[in-house]
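Structure at a glance
Each chain, written out:
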Amino acid sequence: MTEQSALLLRKQLAELNKNPVEGFSAGLIDDDDIYKWEVVIIGPQDTLFEGGFFKAYLTFPYDYPLRPPKMKFITEIWHPNVAKNGDVCISILHEPGEDKFGYEKPEERWLPIHTVETIMISVISMLADPNSDSPANVDAAKEWREDPNGVNCKFQVKGNAFRGKISTKGFCTPCFAIQRNWLTSTTFL
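- Per an unreviewed UniProt entry, the chain goes by Ubiquitin-conjugating enzyme E2 G1 and derives from Perca fluviatilis.
- On record in UniProt, under Sequence similarities (unreviewed entry), the comment for the chain is "Belongs to the ubiquitin-conjugating enzyme family."

Right, here's the structure in full:
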């Protein structure tokens, strides 16, 4: 399966480079490892995350697409569906099949038809509309339920949400075509 999954991932990366999708950029962490990707998500408009750039890693299993990748935010983010260590908890990234807790339907979980594009669109949607009923970060979910507009939110994006420089090597546009280096300020209120 390794050769087939590597070929599929190369194809998806080439497609993203050829036809970029608004809202994120994706590329390889290391050109020699097709199974480890770096993504940068642009904070969705009209959300608490607007104006931010959020770096994350996607790590694909060798039997992809039969099993989902793992996603972890590297940029610190305060969100009900992102664990404090950065791990993303979203149905589309859960192992296929029945949910042992009965919360998710099998069709909401991972399916081999998903691509990097469908994953990222789901994550961007998650940023805009969190599921606070099934949180990975209980404190953020409680805060979100009590203050959905973020008036008293612990985490507020001021400018961008990533400190430092990001290599543009191997990344597709649009966000890397706009700016190459970001100095950012993250404010904790």
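A closer look at the sheet that holds strand E1 (residues 24–28)
- In spatial order, the strands read E1-E2-E3-E4; together these four strands make up an open sheet with antiparallel pairing. The two strands at the open ends of the sheet, each matched to only one other strand, are E1 and strand E4 (70–73). Averaged over all neighbouring strand pairs, the angle between strand axes comes to 25 degrees, with direction disregarded.
- Helix-sheet contacts for helix H2 (residues 116–128) involve E1, strand E2 (36–42), strand E3 (53–59) and E4, and the interaxial angle to E2 is about 40 degrees.

Focus: the pattern of salt bridges
- Taken as a whole and judged by the stated rule, the model has eight salt bridges.
- The shortest N-O distance in the salt bridge between glutamate 38 and lysine 55 comes to 2.9 Å. Here the residue glutamate 38 occupies a position in strand E2, and lysine 55 occupies one in strand E3, the gap between them amounting to 17 residues.
- On the basis of relative accessibility, which here comes to 8%, the residue glutamate 38 falls in the buried class.
- Taking the shortest distance from any N to any O, the salt bridge between aspartate 63 and arginine 67 comes out at 3.2 Å.

Section: helix H1 (residues 2–18)
- An ideal rise of 1.5 Å per residue puts 24 Å on 17 residues; H1 measures up with 24 Å between its terminal C-alpha atoms.
- By the burial criterion, the buried members of H1 are Ser5, Ala6, Leu9, Gln12, Leu13 and Leu16. Considered in projection along H1, the buried side chains sweep an arc of 125 degrees and stay on one side of the axis. The exposed residues of H1 that point more than 90 degrees off its buried face are Glu3, Gln4, Leu7, Lys11 and Lys18.
- Buried residues belonging to H1 abut E1, E2 and H2.

The rules we used
Residues numbered from 1 in each chain as written. Predicted model: local features only at pLDDT ≥ 70, side-chain atom pairs only at ≥ 80, totals over all residues. Heavy atoms only, no water. UniProt positions renumbered as here; feature names shortened; annotations may be inferred. Pairing = 2+ DSSP bridges. Helix = DSSP H or I, 4+ residues; strand = E, 2+ residues; numbered from the N terminus. Axes fitted to C-alpha atoms, helices over the stretch in contact; angles between N-to-C directions. Contact = heavy atoms within 4.5 Å. Salt bridge = Lys/Arg side-chain N within 4 Å of Asp/Glu carboxyl O. Buried < 20%, exposed > 50% of the residue type's maximum accessible area, 1.4 Å probe, protein only. Expected span 1.5 Å × (residues − 1). Arc of directions from axis to C-beta.

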